[in-house]
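Summary of structural features
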Amino acid sequence: MLVSRKQAPSLKRQLWVAFLVIPPIVFMSLFVVYPILSAFAYAFYDWQGLARGEFVGLKNFKEVLFGATMAPVVWNAFLHNVYALVALMIIQNGGGFVLAWLLYKEPFGFRFHRIAVFVPVVLSTIIVGFLWKLFLNPNFGIINQALYSLGLDSLAKPWLGDSSTALGALILANAWHFVGFPTLVYLAGMQRIPPEIIEAARLDGTSEWQLLKNIVWPLVAPSTTILFTLLFIGAFNWFEIPYVMVGLDGSPFGTTDVLGLVFYRTAFGNQSASIQNFGLGSALATLLFLFIVVFASMLTLWLRRREIQF
Amino acid sequence: MTAIASDTRASRQPISFALLAQVILIANSFIMLYPVVVMVLSAFKTTGEIFEHPFALPDFTQVGNFAKVLGETAMPTYFMNSILVTGTSVLLILVLGTMAGYAVARYESRTNTFILLFFLAGLMLPLKLAVIPLFILLRDLGLLDSRWSLIVTYTAIGLPSAVFIMAGFLRTLPSELEDAARIDGASEPRIMWSVMLPLARPPMAIAAIQNAVPIWNDFFFPLVFIQTDARKTLPQGLTTFMGEYTTDWGMLFAGLTIAAAPITLLYIALSRQFIQGMTAGAVK
């Protein structure tokens, strides 16, 4: 790389480099590598509270996946994570793509719109969750108040208390919170497309739809890869919005239960079941971790293949 | 994003498209901002006023809710804790991230690839899922229920991205700079501190914002690690606060407004840096 560094490094310089790299590496080893490796190990043990018991092999994993009490809860929650993932891919990432395209044309006021769409992104998820919980309140929330004042009383609902709308409400609150992120990532991706390509297509009389489908969408593939991978990881780690808006039990009747809530309840307990089980919690975390790593890498590889160099 | 480019982009659009685009963008910005506006307006109202006139403008001189939140609740303590935890974590991330990034970028070594792979793995792994062993480790170190439990966790999460941002930037600096200093007899630490690092402020700002916002907003790790009310950070304290005042909606909205205010105002003042920092991981 650099010619001047070809000479053998002096001991002094080696010590200096070691001084630079050792503290960060030790820190990472202690607080990232060691916990993650232990997380796998812990799943193979029986736990009594905070004390590690005997080695039990795959027992915890079996209980999580097939056990009579745990498995139905886990699979029910898993399904809701999948729903959230699919819905957010369409609403959040898809919506972000559309908004980015509208902003890309730099219409009147685009600077304002670009800043506005990102305002909820900087807010804490806790603030977003509480805000929407208050807005969705059956009696005094502004959503139902607005419906009442428009004479649409029949549409008013206890949104978070109704099994048919609760999960959807959480998904929409999440989309409100984060849609600005894919919007601005896609916008940056679109701005990297050489303008001549789009100009040439326009001169050829390509329709807006054809332009989006055949030129813009394929050329922002790198943004799509990263956004879909991040959403995938986020959807299966989903915790804060459900925790704040519907509580640890995924009420009503587990219709909003997600794996993040199940994991927290299992590992750290809650009011109704205060027993904490680190063994089962670790097994669930390990399975979730493997699932995310395997599928996120497959997703990334598959999405990478459709990226075009330009 | 030059004026010329925007000109040609806009002029090719049929009027109907442009109109539809405006309608969608205005509607979207309304949806994005109106909830925040309602939150702020409601904070100036009494609970009765919120229930009866949810959309009305309040009397802005009525600041009783804010006074109560700041004077009678633990919110100021939560605030201080968030500032301490976020500030210390970001500082540690920058120091450690710059050290490793500098070593990898400016010195050739057989171990560089290994070091980068090591941090790349850290970038990919969600530490949230290792929270149980982390909990036990922190307990064994006597850090549980202290602000340090959060600081070391956030530093570990933020460090890999900072290493990549710093290494990526420092690699682009011309070697003539350090060679000249070396010929003048400057020591390696002196070259790093006085020659190279003053040039590296922009990537440091990006790494700082990229980490500060999620740390400031995080809720999961305080929920698991912190029990004592006096050590809770803002998002976690907010759940305590919301639980205490469930029926006093004026207080709830005032609490949310106070919690949201600093980061929102900072964002409005520095929107370019915020957007750049927060999308840094996803935009090449």
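Small disclaimer: the values here were computed from a predicted structure and weren't measured.

1. Points about the interface of chain B and chain A
Interfaces are often sized by the accessible area lost when the parts come together. Contact residues are listed per partner, giving 82 residues for chain B and 77 residues for chain A. Tallied by class, the residues present in the side of chain B that touches chain A amount to 59 nonpolar, 16 polar and seven charged.

2. A look at unusual backbone geometry
The amide bond that connects A:S251 to the next residue, A:P252, takes the cis arrangement and shows omega of -5°. Structurally, the position occupied by A:P252 is in the loop between α12 (240–246) and α13 (259–268). Backbone geometry at A:E106 places phi at a positive 50°, although glycine is not the residue there. Here A:E106 shows up in the loop between α3 (70–104) and α4 (110–122). A:E106 sits in the partly exposed class, given 18 other C-beta atoms within 10 Å. Positioned with a positive phi, B:D145 is a non-glycine residue whose angle comes to about 65°. Tracing the sequence through the fold places B:D145 in the loop between α7 (131–140) and α8 (147–170). Given 14 C-beta atoms within 10 Å, B:D145 falls into the partly exposed group.

3. Points about the confidence of the model for chain B
Residue and element names in this part refer to chain B. Taken over all residues, the pLDDT of chain B has a mean of 90, while the share at 70 or more is 95%. Mean pLDDT per element in chain B: helix α1 (residues 3–11) is the minimum at 45, and helix α5 (residues 75–106) is the maximum at 96. Contacts from residues 1–11, a stretch scored under 50 in pLDDT, to residues over four places away or in other chains number 10 contacts. Taken together, the chains of this predicted complex give a pTM of 0.90 and an interface ipTM of 0.89.

4. Topic: the nonpolar core
Grouped together as the largest cluster of nonpolar side chains are 167 residues, with contacts concentrated most on A:I127, A:L131, A:L170, A:L284, B:A100, B:M166 and B:L256. Tallying contributions element by element places α8(B) first for this core, with 14 residues.

5. Brief notes about the packing of helix α1 (residues 11–42) of chain A against helix α14 (residues 278–305) of chain A
A pair of packed helices is characterised by two quantities: the angle between their axes and the separation of those axes. All names here are of chain A. The interhelical angle for the contact between α1 and α14, taken along N-to-C directions, is 115°, at an axis separation of 8 Å. Crossing of α1 over α14 shows left-handed handedness. Facing α1, whose interface residues are A39, F40 and Y42, α14 presents F278, G279, S282, A285 and T286. Looking at the contact of α1 with α14 residue by residue, the class counts come to five nonpolar, three polar and no charged.

Cut-offs applied
- Residues numbered from 1 in each chain as written.
- Chains lettered and ligands numbered in written order.
- Predicted model: local features only at pLDDT ≥ 70, side-chain atom pairs only at ≥ 80, totals over all residues.
- Contact = placed C-beta atoms within 7 Å.
- Nonpolar A, V, L, I, M, F, W, Y, C, P; charged D, E, K, R; others polar.
- Helix = DSSP H or I, 4+ residues; strand = E, 2+ residues; numbered from the N terminus.
- Buried ≥ 20, exposed ≤ 12 C-beta atoms within 10 Å, placed from the backbone.
- pLDDT = per-residue confidence, 0-100.
- Core = buried A, V, L, I, M, F, W, Y, C linked by C-beta atoms within 7 Å.
- Axes fitted to C-alpha atoms, helices over the stretch in contact; angles between N-to-C directions.
- Left-handed = near helix turned anticlockwise from the far one by under 90°.

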